[in-house]
Amino acid sequence: MKTADAVVIGGGIMGASAAHFLARKGFGRVVLIERGRLAGVSTGHSAAIVRTYYSNPITLELAKRALHMFEHDRALLGGDCGFRPIGFLLLIGERLRATGEHILESERRHGLHVEDLSPEDIGEFAPQLSLDGVARGILEPRSGYADPTRTVENLVAAARPWGLEPRAGVAATGVRLRGDRVVAVESEQGMIETNVAVNAAGPWAGRVGSWLGLGYSLRWSRESDLFVEPPAGFGDLPVVSDPGLRFYLRPCGEDRIIVGLGAPKDIEPVDPDDCDSGLDPGTRERIERPLFERIPALANARHLGGYASIYTITDDWHPIVGPEPGIEGYYAFFGGSGHGFKLGPPIGEALADVICGETPAIDLSPFRPGRFIDGEPLTSAWGEGNRG
Ligand SMILES: Cc1cc2nc3c(=O)[nH]c(=O)nc-3n(C[C@H](O)[C@H](O)[C@H](O)COP(=O)(O)OP(=O)(O)OC[C@H]3O[C@@H](n4cnc5c(N)ncnc54)[C@H](O)[C@@H]3O)c2cc1C
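A few points on the structure. Remember, predicted model here, so these are calculated numbers, not experimental data.

**Considerations on the overall build of the protein chain**
Here's step 1: Along the protein chain, the regular secondary structure elements total nine helices and 19 strands.
Here's step 2: Rg of the C-alpha trace for the protein chain: 21 Å, near the compact-globule value of 21 Å for 388 residues, within the 12% margin.
Here's step 3: Counting over 388 residues, the protein chain shows a buried share of 56%.
Here's step 4: Restricting the contact set of the protein chain to residue pairs at least 6 apart, pairs at least 24 apart contribute 74%.

Next comes the structure, spelled out in structure tokens:
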């Protein structure tokens, strides 16, 4: 194919979402170009937790929309995305009590049902947890986790009849301008004429931007998860986030639990072109230490291996999304910063509106690429890290 109405570069959750919603709006031929396989990098390794405890209004609104989308995935995301609404439990210690209150009130103000749990309530709800240092819990009963690869596959497959054309195994190699207007995307298999190019290249978004002379401040952190098999009779757990001990976990099907390090945490710098996908023994130990402290019954659980992938982190830990002034037809959509899975679909939906010249229901301008130069980075009640 030599022409397209839009070319989206990158087949992770962000690119798949942008392409899906553009095609769904009737934008025409939308080529989704992915140099490896769909969801093959950060998205496919995501813990894919879908929760709403965010402290700034735009992220909270987007997360709320995301939850609604996953709850209605067949209608809104193209198919069953493996969403399991098993509840999300945030454990709050004394140090974060004020932050917890802020989050709870913000969620309620945005119309979300959240429950404020005492340690006794938590003990009844999740008796496997040792509650040392826990002052309260915030429970989001509707939240849970999804299957990230299936989500991307659904978004792509469902939009094919509307004009989405996936090209996996083909790298984009350039974006061509005439004057200040996008006129083509170059690829290993030739040039595609188009007036719209979306940069959803995840860890390589900076490289794609550099083709247009754009410089983005991005950092990359190696992020690891491990699997354990809980002992017989262990019982069910919701998704758990423990900022005090700095880890999170979620069930993975019936017989496994995924565990990772939670924020605030140090960035583990990594070169996206040279990221070893194995779980190293030191990281395994750093994940297991807080896990076993909080859930002693897992200390003898069978270790089932793990993996490492990449966070692409912006200067304020929020995605960079939207047009670049001075380059007509180019749109940024990257920098998930550790929480971009759930935000991908609602941002993709809103970005499709922007590309079509419409006003989206959720204003994306706080995510604009120029916010750092404007001195308007996003802030979070947590103060740092990827909780938004
Ligand atoms: C271990 C881990 C756990 C996480 N847990 C959560 C979570 O619980 N909840 C949550 O919301 N988020 C989570 N995240 C974050 C979330 O997964 C990411 O923010 C999100 O997946 C990023 O999606 P993306 O589409 O921007 O990037 P990616 O998924 O990396 O996709 C970018 C794609 O672009 C392609 N590409 C790059 N250059 C080119 C080119 N030149 N031509 C063609 N294709 C190109 C790449 O091959 C890649 O497939 C987690 C991330 C990790 C690593």
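**Details of the site of the ligand**
Here's step 1: Glu 34, Thr 43, Ile 49, Ala 172 and Lys 342 are the nearest of the 38 residues found near the ligand.
Here's step 2: One of the backbone N or O atoms of Ile 49 is found 2.9 Å from an oxygen atom in the ligand.
Here's step 3: Within the side chain of Lys 342, a nitrogen or oxygen atom sits 2.7 Å from an oxygen atom of the ligand.
Here's step 4: Within the complex, 96% of the 1000 Å² of free accessible area of the ligand lies under protein.
Here's step 5: Broken down by secondary-structure element, the contributors of at least two residues to the shell around the ligand are helix 1 (13-24), strand 2 (30-34), strand 13 (219-229), strand 17 (302-313) and helix 9 (340-355).
Here's step 6: Across the shell around the ligand, the residue classes tally to 20 nonpolar, 13 polar and five charged.
Here's step 7: For the shell around the ligand, the domains that each give at least three residues are domain 1 (6-47 + 148-217 + 316-387) and domain 2 (84-146 + 219-313).

**Some points on the packing of helix 1 against helix 6 (residues 148-159)**
Here's step 1: Contact geometry of helix 1 with helix 6 gives a least axis separation of 9 Å together with a crossing angle of 25°. Classified by the angle between their axes, helix 1 and helix 6 sit roughly parallel to one another. Helix 6 is crossed by helix 1, and the crossing has left-handed handedness. In this structure, helix 1 uses Ile 13, Ala 16, Ser 17, His 20 and Ala 23 to contact helix 6, whose residues at the interface are Thr 151, Val 152, Leu 155, Val 156, Ala 158 and Ala 159.
Here's step 2: Considered class by class, the residues forming the contact of helix 1 with helix 6 number eight nonpolar, three polar and no charged.

**Description of unusual backbone geometry**
Here's step 1: The residue Ala 39 is not glycine, and still its phi comes out positive at about 60°.
Here's step 2: Residue classification places Ala 39 among the buried residues on the basis of a relative accessible area of 4%.

**Let's talk about the pairing of strand 18 (residues 320-324)**
Along any regular strand, the residues point their side chains to alternate faces of the sheet.
Here's step 1: For strand 18, a buried count of four out of five residues is recorded, marking the element as mostly surrounded by other parts of the structure.
Here's step 2: Of the pairings in the sheet, the one linking strand 18 to strand 19 (residues 327-334) comprises five bridges and is antiparallel in character. When the sheet's bridge partners are listed, Pro 323 is paired in strand 19 with Tyr 331.

**Overview of a negative patch on the surface**
Here's step 1: The grouping of Glu 115, Glu 120, Asp 121 and Glu 124 at the surface amounts to a negative patch.
Here's step 2: With three residues, the single largest contributor to the negative patch is helix 5 (residues 119-125).
Here's step 3: As for its placement among the helices and strands, Asp 121 is situated in helix 5.
Here's step 4: On the accessibility criterion, Asp 121 (35% relative accessible area) is partly exposed.

**Re the pattern of salt bridges**
Opposite charge on two side chains permits pairing when their charged atoms draw close.
Here's step 1: Enumeration over the complete set of coordinates arrives at 24 salt bridges.
Here's step 2: Residue Arg 150 pairs with Asp 147 through a salt bridge whose shortest N-O separation is 3.9 Å.
Here's step 3: The closest approach of N and O atoms between Arg 289 and Glu 285, which form a salt bridge, is 3.0 Å. In this pair, Arg 289 and Glu 285 both sit in helix 8 (residues 281-294), four residues apart, roughly one turn of the helix.

**What about the environment of Arg 29?**
Here's step 1: Mapped onto the elements, Arg 29 comes out in the loop between helix 1 and strand 2.
Here's step 2: Residues Arg 29 and Pro 119, 90 residues apart in the sequence, show an inter-C-alpha distance of 54 Å.

**A word on the pairing of strand 10 (residues 181-187)**
Here's step 1: Counting buried residues along strand 10, five of its seven residues qualify, which places the element largely inside the surrounding structure.
Here's step 2: By the bridge criterion, six bridges tie strand 9 (residues 172-178) to strand 10 in an arrangement that is antiparallel. In the strand pairing of strand 10, Arg 176 is matched with Ala 184.
Here's step 3: Connecting the antiparallel pair strand 9 and strand 10 is a turn made up of two residues, with Gly 179 showing a positive phi of about 65°.
Here's step 4: The sheet contact formed by strand 10 and strand 11 (residues 190-193) spans four bridges and is antiparallel. What sits directly across from Glu 186, in strand 11, is Met 191.

What counts and what doesn't
Residues numbered from 1 in each chain as written. Predicted model: local features only at pLDDT ≥ 70, side-chain atom pairs only at ≥ 80, totals over all residues. Heavy atoms only, no water. Helix = DSSP H or I, 4+ residues; strand = E, 2+ residues; numbered from the N terminus. Rg over C-alpha atoms; globule rule 2.2 N^0.38 Å. Buried < 20%, exposed > 50% of the residue type's maximum accessible area, 1.4 Å probe, protein only. Contact = heavy atoms within 4.5 Å. Near = heavy atom within 4 Å. Polar contact = N/O pair within 3.5 Å; in protein donor to acceptor, adjacent residues only side chain to side chain. Areas by Shrake-Rupley, 256 points an atom, 1.4 Å probe, with all protein chains shown as cover. Nonpolar A, V, L, I, M, F, W, Y, C, P; charged D, E, K, R; others polar. Domains from an automatic or database assignment. Axes fitted to C-alpha atoms, helices over the stretch in contact; angles between N-to-C directions. Parallel < 35°, antiparallel > 145°, perpendicular 65-115°, else oblique. Left-handed = near helix turned anticlockwise from the far one by under 90°. Pairing = 2+ DSSP bridges. Patch = residues over 30% accessible without salt bridge, like charges linked within 9 Å, V, L, I, M, F, W, Y side chains within 5 Å. Salt bridge = Lys/Arg side-chain N within 4 Å of Asp/Glu carboxyl O. Lys, Arg positive; Asp, Glu negative; His and termini not counted. Charge placed at Lys NZ, Arg CZ, Asp CG, Glu CD.

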